[in-house]
Each structure stands twice: as C-alpha cells, then as structure tokens.
Amino acid sequence: MKHFININDIPTKDLRKILTDAKKRKNLRKNLNNLDVDKNLPLKGKMLIQMFEKSSLRTRLSFYLAIKQLGGSTLTLRPDELHLSKGGESIEDTAKILSNFGDIFMLRTDNDKKLEEFKKYISIPIINGLSPSSHPTQILSDIFTVEEIKKKPISKLNIVWIGDINNVLNSLVAASLKFSFKLNIGCPKRYQSNKKFLKYIKKNKNKIYIFDDPKKAVIGADVIFSDKVVSMNDKVDKIKKLNHFKKFRIDKKLMSYAKKDCIFLHCLPRGKEVDEEVFLSKQSKVWLQALNRVHVQKSILLYTIGKLR
Ligand code: CP
Ligand code: NVA
C-alpha cells in the first residue's frame with residue numbers, strides 16, 4: 001500500500017506510471033463520465049472513505065465517479081457528524097476504525113498535521129484531497145491535461161503560474177522538480193516570501209523564475225495556470241489582497257504576450273483573477289481539466305492499493 005500525500009514524496013517513475021495508466025484507461029472507455037464500470041473491475045468490493053473538512057465540488061464528484069468506474073464504492077463523511085471533530089474521539093482511534101471499515105481514505109483537511117497524524121495510525125492508504133500546503137491530485141491531473149492537449153511531455157513546455165503562492169502552486173513547484181519543466185511564477189513582490197515555497201525554489205533554481213511583472217512571466221508561455229487570490233485557508237484582509245493582485249488579472253492583453261496556442265488552466269472555483277473573456281475563450285481548457293480528474297484519480301486509487309498495471 002502507498003499513501004498519496006505530497007508530490008515530492010512520490011518517485012517520478014510512479015507519478016509517470018499513474019499518468020500512463022490514466023491515459024490507457026481513459027482511451028479504453030466509451031463513456032468517460034458516467035457510472036459504467038471498467039471491464040476488469042479492479043476495485044470490486046473496495047470502499048473509498050472520503051472526508052471533507054472544507055468545501056469541495058470537483059474533488060468530491062471526481063473521486064465518486066473514479067471509484068465507481070473501478071467497480072468499488074464510496075462513503076463521504078461529514079466531519080461535524082464524527083466524534084473526532086468535537087474532541088470526543090482521538091485521531092488514533094478514528095484511524096483504526098477507518099482502517100477496519102474502508103480500503104482507502106481521502107482527506108481534505110484544514111491542517112497538514114492531521115494528514116501526518118492519520119498516517120501514523122491508519123493501515124489503509126491516505127490520499128490528500130487538498131491541505132493548506134498542497135493539492136497533489138489536482139496537479140497530477142493537470143499535468144495529464146497539459147500533455148493530452150499539447151501532445152508533448154511537460155518537460156518540453158513553458159509553464160506559467162499567475163497568482164498567489166498557495167497550496168496548488170506548491171504542488172506545481174514540486175511537480176516541476178519531479179518532471180523537470182520550466183516554471184515562471186508571476187506574483188506581487190510582497191507575497192513572494194512563503195518559506196516552504198522558497199525552499200523548493202532554491203532546490204530547483206535553474207528552472208523556476210519569479211516575476212513581479214505578469215507580462216514578463218507569460219512571455220513564451222505554452223500554459224498559463226491561475227487560482228483564486230484568496231484560498232480557503234487564507235486569513236487575510238480579502239479586499240486588500242485582491243487589490244494587490246489587480247495588475248495580475250489575466251485578460252486578453254496578458255494572454256497576447258504568451259504563445260499563440262497557449263492554453264489557460266484553472267483548478268476552480270474561480271474569482272476575479274481571470275477575465276470572463278479569457279475564461280470562456282477557446283484557449284481556456286478548464287472544463288476538460290476538471291473532468292480529467294476522474295481519470296487520473298482512478299489511477300491514483302489503483303496506485304495506493306498496489307493495483308496499478
Ligand atoms: N479544484 C478543486 O479541488 O475543486 P473543489 O474544491 O471543488 O473540490
Ligand atoms: N487554492 C484554493 C484551491 C481550491 C481548489 C484553496 O485552497 O482554496
């Protein structure tokens with residue numbers, strides 16, 4: 001069994017194996033996004049337990065479809081209904097019960113330490129469905145989407161992030177290290193001081209560049225990623241922060257500095273960081289990006305349980 005908690009903890013060859021399996025499985029399906037099960041039913045009789053301590057639409061739906069297509073089942077727990085959230089039960093005991101009833105545990109948490117605590121006591125794999133510091137299932141799936149559209153390995157592309165230094169970017173930075181792709185980051189100077197982030201940058205200094213001018217960041221881009229300026233864990237003055245990011249809004253003008261066939265990606269939900277015109281343009285691939293999460297998460301589920309072909 002293997003956990004899927006952070007991209008930097010997973011060997012590149014395993015990440016690549018997950019992507020290859022997802023591509024094969026996606027190609028083999030007639031109906032991509034319905035409940036028809038894959039022929040070999042690899043997760044028949046298995047149960048995924050999901051728990052969300054924060055809001056979610058896509059992660060919830062895509063894991064639901066993913067486990068169903070693999071022939072298994074899922075149960076979603078509301079933390080407010082568990083003893084754990086009220087201090088009435090420990091993580092240790094909760095983890096032991098989860099291990100006895102389920103086969104895989106997917107947790108979206110408001111605290112990275114909880115993932116580590118669960119890991120200590122659980123005997124089934126844990127998948128990180130977003131934490132304050134990372135969003136690994138999102139980024140692995142986004143790499144799949146980029147390679148599917150561009151028909152090239154991501155290492156041959158110029159990837160750009162315009163936005164906050166947040167959990168999604170942390171996973172993108174970790175991925176740039178694993179898959180060896182060039183990454184330009186456009187972010188206001190005052191938001192460039194996140195410690196964990198700077199550690200990664202230091203490690204990969206030849207391929208990651210930070211700009212406080214969004215135009216400079218997007219020159220030559222094959223892919224532009226963005227995300228909400230204010231994340232769920234962000235305890236900031238929202239109006240002030242949005243103001244600081246005003247000049248980083250992705251509009252047609254900014255897109256014109258990138259390559260002609262540059263695509264726009266966004267994990268969603270969106271805020272005001274992108275113009276409606278860009279978001280709804282042909283260059284925007286956000287709907288395919290969201291749907292692809294089903295296919296990559298299927299292969300992540302198989303990986304964690306040791307059933308990846
Ligand atoms: N992108 C993403 O994780 O979406 P949700 O928060 O809706 O799950
Ligand atoms: N950075 C965002 C991602 C949402 C999917 C957040 O954490 O709120």
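Note: the structure precedes this text.
Overview of the structure. (Residues numbered from 1 in each chain as written. Chains lettered and ligands numbered in written order. Predicted model: local features only at pLDDT ≥ 70, side-chain atom pairs only at ≥ 80, totals over all residues. Heavy atoms only, no water.)

With respect to the overall build of the protein
Inference 1: Secondary structure assignment for the protein yields twelve helices and nine strands.
Inference 2: Computed over its C-alpha atoms, the radius of gyration of the protein comes to 19 Å, within 12% of the 19 Å expected for a compact globule of 309 residues.
Inference 3: Put simply, the protein has 309 residues, and 53% of those count as buried.
Inference 4: Counting contacts in the protein only where the partners sit at least 6 residues apart, residues at least 24 apart contribute 74% of the total.
Inference 5: Taken as a whole, the protein presents about 14600 Å² of accessible surface, with 53% of it coming from carbon and sulfur. (Helix = DSSP H or I, 4+ residues; strand = E, 2+ residues; numbered from the N terminus. Rg over C-alpha atoms; globule rule 2.2 N^0.38 Å. Buried < 20%, exposed > 50% of the residue type's maximum accessible area, 1.4 Å probe, protein only. Contact = heavy atoms within 4.5 Å. Areas by Shrake-Rupley, 256 points an atom, 1.4 Å probe, with all protein chains shown as cover.)

Structural notes on the packing of aromatic side chains
Inference 1: Enumeration over the complete set of coordinates arrives at four aromatic pairs.
Inference 2: On the basis of an interplanar angle of 40 degrees and a centroid distance of 5.0 Å, the ring pair of Tyr191 and Phe245 is categorised as tilted. Residue Tyr191 is found in the loop between β6 (182-186) and α7 (195-203), and its partner Phe245 is found in the loop between α9 (238-244) and α10 (252-255); the two are separated by 54 residues along the sequence. Taken individually, Tyr191 and Phe245 each receive the classification buried, so the pair is uniform in this respect.
Inference 3: Between Phe279 and Trp287 the ring centres are 5.6 Å apart and the planes differ by 85 degrees, which places this aromatic pair in the edge-to-face class.
Inference 4: What links up through ring pairs into an aromatic cluster is the set Tyr191, Phe245 and Phe248.
Inference 5: Sitting above the plane of the Phe52 ring, Arg60 keeps its charged end 4.4 Å from the centroid.
Inference 6: We note Arg270 situated over the ring of Phe279; from NZ or CZ to the ring centre the distance is 3.7 Å. (Phe/Tyr/Trp six-rings, centres within 6.5 Å; stacked < 30°, edge-to-face > 60°. Lys NZ or Arg CZ within 6 Å of the ring centre and 35° of its normal.)

Here's the deal with helix α2 (residues 58-69)
Inference 1: Under the 1.5 Å per step criterion, the end-to-end length of α2 is 16 Å for twelve residues, consistent within 8% with the ideal 16 Å.
Inference 2: Looking at the buried positions of α2, the neighbouring elements they touch are β1 (47-52), β2 (73-77), β3 (104-108), β4 (126-128), α5 (136-150) and α12 (286-304).
Inference 3: Looking at the residues trailing α2, positive phi occurs at Gly71, about 95 degrees. (Expected span 1.5 Å × (residues − 1).)

Details of the site of ligand 2
Inference 1: All residues in the neighbourhood of ligand 2 are listed as Leu130, Asn166, Asn167, Val168, Asp227, Ser231, Met232 and Leu268.
Inference 2: Asn166 has a polar side-chain atom sitting 3.4 Å from a nitrogen atom of ligand 2.
Inference 3: A distance of 2.7 Å is found between a nitrogen atom of ligand 2 and a side-chain nitrogen or oxygen belonging to Ser231. (Near = heavy atom within 4 Å. Polar contact = N/O pair within 3.5 Å; in protein donor to acceptor, adjacent residues only side chain to side chain.)

Quick look at the site of ligand 1
Inference 1: In the vicinity of ligand 1, the contacting residues are Ser56, Leu57, Arg58, Thr59, Arg108, His135, Gln138, Cys267, Leu268 and Arg293.
Inference 2: Here Arg108 contributes a side-chain N or O atom positioned 2.7 Å from an oxygen atom of ligand 1.
Inference 3: One nitrogen or oxygen atom from the side chain of Gln138 is found 2.9 Å from a nitrogen atom belonging to ligand 1.
Inference 4: The protein chains hide 96% of the 260 Å² of surface that ligand 1 would expose on its own.

Points about the sheet that holds strand β5 (residues 158-162)
Inference 1: In space, the five strands of this open sheet follow the order β7-β6-β5-β8-β9, with parallel pairing throughout. Looking along the sheet, the strands with just one partner apiece sit at the ends: β7 (208-211) and β9 (263-266). Neighbour to neighbour, the strand axes of the sheet diverge by 20 degrees on average, direction disregarded.
Inference 2: By the bridge criterion, five bridges tie β5 to β6 in an arrangement that is parallel. In the strand pairing of β6, Trp161 is matched with Ile185. (Pairing = 2+ DSSP bridges. Axes fitted to C-alpha atoms, helices over the stretch in contact; angles between N-to-C directions.)

Focus on the environment of Phe118
Inference 1: With respect to the helices, strands and loops of the structure, Phe118 is situated in helix α4 (residues 112-121).
Inference 2: Through-space distance from the C-alpha of Phe118 to that of Ile91 is 6.3 Å; in sequence the pair is 27 residues apart.
Inference 3: Once you skip the residues sitting within four places of it in the chain, Phe118 turns out to touch Leu84, Ile91, Thr94, Ala95, Leu98, Phe105, Leu107 and Ile126.

Focus: the sheet that holds β3
Inference 1: Read across the sheet, four strands follow the order β2-β1-β3-β4 without closing on themselves; strand pairing throughout is parallel. What marks the edges here is a single partner per strand, and that holds for β2 and β4. Mean inter-strand twist for the sheet, computed between neighbouring axes without regard to direction, equals 20 degrees.
Inference 2: In terms of strand pairing, β1 meets β3 through five bridges, oriented parallel. Bridge pairing in β3 links Leu48 to Ile104.
Inference 3: Here α4 sits on the sheet in contact with β3 and β4, set at roughly 170 degrees to β4.

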